[in-house]
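# Structure assessment
Here is how the chains run, residue by residue.
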Amino acid sequence: MIVFRNLALLIFGLWLACGPAHAERRVALVIGNSAYKSVPKLANPVSDAGLIGGMLKKAGFDTVDVRQDLNAPEMRKALREFGARTRDADVAVIYYAGHGLEVDGTNYLIPIDAALETDTDVYDEALPIDRVLVSIEPAKQLRLVILDACRDNPFAKTMKRTVASRAIGRGLAKVEPTSPNTMIAFAAKAGSTASDGDSRNSPFATALVDHLPKPGLDLRKAFGFVRDDVLKSTANKQEPFVYGSLGGDDVPLVPAKPVATGPQANPQSELRRDYELALQLGTRDGWEAFLAQYPEGFYANLAKGQLNKIAAEETRATAEQKAKAAEQEKARLIAERAQKAEQDKAAAAAKAAEEARIAAEKQKQIEQARTEAAEQQRKVAEAAAARAQAEKQAAEKAKAELAAKQAAERASAEPAAKPAADRQLPQAGTETVAALSSAPASTLSAADLAKSVQSELRRVGCLSAAADGDWSAASQRSLTLFNKYAGTQFDAKLASIDALDALKAKPGRVCPLVCNFGSKADGDQCVKITCRAGYRVGDDNECEKIQEKKPVATREDSRRRDTDRKQTESAPSTPQASGQMICNNAGCRPIAKGCRLGTANHPATPTVKIPAEICN
């Protein structure tokens, strides 16, 4: 009897450990900002957020976090906490209703405490759309951002411009996601504004609730239905728009049936086989048939590149035929001794045809290079996906084997026979599940893990030292720097599997290249700034013209001039022929020629005699 119970306990523990691994986890964050402090209050965003949050809860999402009227710190905290929840999620959805602003091609979400008195305040008081994309990036299957923020923005009308060339757009700017399986939906297409409508909810939010939760309905079709409804309700004044692309299979927000727990076939295998078949055919008909079957996605873009290559080859062949025909016409005219004007005309036509042929040949080479680069990218992506799948299967297999081993050891260690065994059975089950859940997820040693994290930190530009497997202070500083620019919160004191996964998910440089004064960034290197003659590197690290210094009068120079003047005035003048001098309050000077020295009455006191110059 005890052996049977131990076996049942082992099977139950294995079911708990392996079953949830195949369940699809969906999380959502809903934000509605209405009570703005610096501009008039918006009527609909809070109501729209409540409507969308209720729809997602009814659709069976695991967690739906609805936030209302958030200031800047609260919005950053909400995105940070949601990013932590998306690490083990398959589907992540963010819905935002409120004010948004586009500055120099970048979209910003505006908290309720933003003032935006100048155009540069947007960098400090608002949140860029890239911060939102970072928070949903860890999701494995689908990343969806819905922005109901295309309203006529009052901030753009009141803010002061610090630079005349800085562009502030109407509505939001077009966004092209860089991560796969990412979709961004606007309430109105780029450069246009959306309407709040006359009811409690906006036309866009109402259409979303009608179509998104339909089980098994592909998101692209659902947003197409949303577009039709909004156009109809706004008399064709507002057109929702979707950016990003998904794969060839249907991607519903609500699955049509429960997710299978067994091994799943790769959904891209059939698409890849069709692509490789079209690649072997290499004809226009083959690629057009492939695009008719798979109009969107990564392989569709590759197929379009192949069609461009074929079109370039056809253009080149046509141009070459025309060039040959022009040369033959030229030879015929010369042979028939045509007039000079006709010969010149034929020569000009032949020259133009030859130039067209050369241009077509160059275009063919360009398309050939693009096609080869795209094909290489496809092979790299497929190899990476296959490698990741193999590593995941190996980790799951090792986890299951370890769980079974620990459960078997725990079952064999139980006492042979005790009366209280039945009462202690639930506690033993809890310990078994805990032991299974704590099984290690990776077989890497600490040194290998540290070396792998260091290599990825070097790739994204956050570490300059070599990857030696020693997790030193320099490695800790580099991981702290990655946390700052990637928006993550990994513990910098040690290298972890989560940090390694987050680093591998970054396609390129994350930490900016910082150059010393007198140098500037050129790609991934710092180069010295060279200024032309008469210019030098200024305080802003840019070349500026050398200004000539003008002499500035100082108090010491004024004192020196006064001293020289007094000495000149006090010095005796050169005697004239008469040899007589006259002195008064202004100083002494010689008697003018033809005059003599005498006395005269003082102007203020007539009884007083003073020296005077008397001239006849």
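Here is what the cut-offs are and how they apply
- Just so you know, the residues in each chain are numbered from 1, in the order the chain's sequence is written.
- For a predicted model such as this one, the threshold for reporting local features is a pLDDT of at least 70, and the threshold for listing and counting side-chain atom pairs is 80 or more; totals across whole chains, interfaces and linings nevertheless cover every residue.
- Only hydrogens and water are set aside when side-chain values are computed; all heavy atoms of the structure are taken into account.
- In this analysis an axis means a line fitted to C-alpha atoms, helices contributing only their contacting stretch, and an angle means the value between N-to-C directions, from 0 to 180 degrees.
- In this description a helix means any DSSP run of H or I spanning at least four residues, a strand means any run of E spanning at least two, and both kinds are numbered starting from the N terminus.
- Between 65 and 115 degrees an angle is taken as roughly perpendicular, under 35 as roughly parallel, over 145 as roughly antiparallel, and anywhere else as oblique.
- Should the near helix be turned anticlockwise from the far one by less than a right angle, the crossing is termed left-handed; should it be turned clockwise, right-handed.
- Here, residues are in contact when the closest pair of their heavy atoms is within 4.5 Å.
- Count a disulfide wherever a pair of cysteine sulfur atoms falls within 2.5 Å.
- Partly exposed describes any residue whose relative accessible area lies between the buried limit of under 20% and the exposed limit of over 50%, with all areas from a 1.4 Å probe on protein chains only and scaled to the type maximum.
- Here a salt bridge means any side-chain nitrogen of Lys or Arg lying within 4 Å of a carboxyl oxygen belonging to Asp or Glu.
- Charged residues are taken to be Asp, Glu, Lys and Arg, nonpolar residues to be Ala, Val, Leu, Ile, Met, Phe, Trp, Tyr, Cys and Pro, and polar residues to be all remaining types, Gly included.

## Points about the packing of helix 9 (residues 269-281) against helix 10 (residues 284-293)
Between helix 9 and helix 10, whose axes approach to 9 Å, the crossing angle comes to 165 degrees. The pairing of helix 9 with helix 10 is recorded here as roughly antiparallel in orientation. The hand of the helix 9/helix 10 crossing is left-handed. Of the residues in helix 10, those in contact with L271, D274, Y275, A278 and L279 of helix 9 are G286, W287 and F290.

## Re the state of the cysteines
Scanning the entire structure with this criterion turns up three disulfides. A sulfur-sulfur distance of 1.8 Å marks the disulfide that ties C462 to C511. On the sign convention where negative is left-handed, the bridge of C462 and C511, at about 90 degrees about the S-S bond, is right-handed. Here the residue C462 occupies a position in the loop between helix 14 (446-459) and helix 15 (473-486), and C511 occupies one in the loop between helix 16 (497-504) and strand 10 (519-522), the gap between them amounting to 49 residues. Side by side, C462 and C511 carry an identical accessibility label, which is buried. Bridging C595 to C615, the disulfide has an S-S length of 1.7 Å.

## Some remarks on unusual backbone geometry
Keep in mind that most residues, glycine aside, have a negative phi and that most peptide bonds are trans. One non-glycine residue, D69, lies in positive phi territory at about 50 degrees. By secondary structure assignment, the location of D69 is in the loop between strand 2 (63-68) and helix 3 (72-85). Despite not being glycine, L116 shows a phi value in the positive range, around 50 degrees. Here L116 shows up in the loop between strand 5 (106-109) and helix 4 (122-125). Under the relative-accessibility criterion, L116 is labelled buried at 0%.

## Regarding the pattern of salt bridges
Applying the stated criterion across every chain yields a total of 28 salt bridges. Close ionic contact of R227 with D228 constitutes a salt bridge, the shortest N to O distance being 3.0 Å. Taking relative accessible area as the criterion, R227 reaches 32% and is therefore assigned partly exposed. The salt bridge partner of R284 is E314, with a shortest N-O separation of 2.9 Å. One end of the pair, R284, is in helix 10; the other, E314, is in helix 11 (residues 298-335), with 30 residues separating them in the sequence. Overlapping salt bridges bring together E313, R316, E320, K324, E361 and K364 as one network.

## Here's the deal with the packing of helix 14 against helix 16
Remark: helix 14 packs on helix 16, axes separated minimally by 9 Å, with the N-to-C direction vectors making an angle of 30 degrees. One element, helix 14, and the other, helix 16, form an angle in the roughly parallel class. Judged by the twist between their axes, the crossing of helix 14 over helix 16 is left-handed. Touching L449, S452, V453, E456, L457 and R459 of helix 14 are I497, L500, L503 and K504, all from helix 16. For the contact of helix 14 with helix 16, a count of residues per class yields six nonpolar, one polar and three charged.

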